[in-house]
Amino acid sequence: MNILDIIGPVMVGPSSSHTAGAARIGQITGKLLGEPVKTAKILLHGSFLATGKGHGTDKALVAGLLGLSVDDRRIPESFELAKERGMEFEFGSISLQGAHPNSVKLEVTGVSGRRLEVIAASVGGGRVHICEIDGLRADFTGEAPTLVVYNQDKPGCVVRVSLKLGLAGVNIATMQVYRDERGGHAVMVIEVDQEVPADCIADLERESGIEKVTYLCLDER
């Protein structure tokens with residue numbers, strides 16, 4: 001058992017699930033987008049919707065989208081900071097079937113026009129679970145560098161992705177593969193032990209049958 005399982009994370013805010021977890025969801029979403037967020041539509045579900053305002057969930061989500069960490073003292077001022085940086089945001093409600101009570105759907109657009117949709121849940125103690133990306137199932141925590149590879153469901157894609165990672169010296173920790181239907185669209189969620197080099201990601205994007213690559217980089221440099 002980790003000490004954080006007992007005392008919770010070092011954070012700003014009254015709740016590890018409603019504040020720290022919310023900030024982490026926003027931060028991971030921003031990292032997956034790969035560029036500064038220009039606009040964000042934030043749709044709250046369940047307990048996030050019912051009690052989130054009192055716990056600062058709204059401010060924590062915006063803070064995370066701005067790149068602030070869970071212990072950043074500027075979290076309570078995130079709305080003002082977003083205005084200063086030119087980030088527009090709006091809140092709404094959503095009912096997500098079968099979702100964890102502390103769930104949110106984020107629809108974000110970056111400064112280049114890139115768009116991303118993420119459904120995520122805060123599961124307690126500041127931990128989060130990324131459930132969907134762009135309407136396709138995902139299943140990861142954001143605690144390790146993670147590749148999300150969208151591809152056509154045809155033979156060879158998984159092998160080619162694994163080979164390129166191996167040649168780049170990247171070890172696969174876990175891999176999950178999902179598809180919407182046979183021969184349709186598929187997604188690989190790959191957690192790795194090392195950061196994936198940018199040229200490796202570029203090579204993956206050029207591979208036949210691969211439609212999109214989204215990468216969660218944890219390197220703060």
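These lines cover the structure that appears in this document, whether it is placed above or below. Throughout, residues of each chain are indexed from 1 in the direction in which the sequence is written. In keeping with the model being predicted, local features are shown solely for residues with a pLDDT of at least 70 and side-chain atom pairs are shown and tallied solely at 80 or more, while totals for entire chains, interfaces and linings include all residues. For the side-chain quantities, the full set of heavy atoms in the structure was used; hydrogens and water were omitted.

### Comments concerning the packing of aromatic side chains
The relation between two aromatic rings is expressed through the spacing of the ring centres and the mutual angle of the planes.
At step 1: Two rings from Phe, Tyr or Trp (for Trp, the six-membered ring) form a pair when their centres sit within 6.5 Å of each other. Planes less than 30 degrees apart are called stacked, planes more than 60 degrees apart edge-to-face, and all others tilted. Taken as a whole, this structure holds three aromatic pairs when the rule is applied.
At step 2: Ring plane angle 45° and centroid distance 6.1 Å describe the contact between Phe79 and Phe91, whose orientation is recorded as tilted. With Phe79 in helix α5 (residues 78-85) and Phe91 in strand β2 (residues 88-93), this residue pair connects regions lying twelve residues apart in the sequence.
At step 3: For Phe79, a relative accessible area of 25% gives the class partly exposed.
At step 4: Using a 1.4 Å probe on the protein chains alone, a residue whose accessible area is under 20% of its type maximum counts as buried, one over 50% counts as exposed, and one in between counts as partly exposed. Accessibility expressed as a relative area gives 32% for Phe91, which makes it partly exposed.
At step 5: For the ring pair Phe89 and Phe91, a centre distance of 5.8 Å and an interplane angle of 80° mean the geometry is edge-to-face.
At step 6: Assessed through its relative accessible area of 26%, Phe89 is described here as partly exposed.
At step 7: Linked through ring pairs, Phe79, Phe89 and Phe91 together constitute an aromatic cluster. Here a helix means four or more residues in a row that DSSP labels H or I, a strand means two or more in a row labelled E, and each is numbered from the N terminus.

### Section: the sheet that holds strand β4 (residues 115-124)
At step 1: Overall, mixed pairing links the six strands, which are arranged β2-β1-β3-β4-β5-β6 in an open sheet. With partners counted over all chains shown, the strands left at the sheet margins are β2 and β6 (136-140), one partner each. Going from strand to strand, the sheet's axes swing by 25° on average, the running direction of each strand aside.
At step 2: Pairing between strand β1 (residues 37-45) and strand β3 (residues 102-110): eight bridges, direction antiparallel. We call two strands paired when DSSP finds no fewer than two bridges between them. In this description, a line fitted to the C-alpha atoms serves as the axis of each element, helices being fitted only across the stretch in contact, and the angle between N-to-C directions of two axes falls anywhere from 0 to 180 degrees.

### Some words on the pairing of β4
At step 1: Bridging between β3 and β4 involves seven bridges; their strand directions are antiparallel. Opposite Thr109, over in β4, you have Arg115 as the bridge partner.
At step 2: Hairpin connection of β3 to β4: four residues between the antiparallel strands, including Gly113 at a positive phi of 100°.
At step 3: Sheet analysis places β4 next to strand β5 (residues 127-133), joined by six bridges and oriented antiparallel. Its bridge partner being in β5, Gly124 is matched across the sheet by Arg127.

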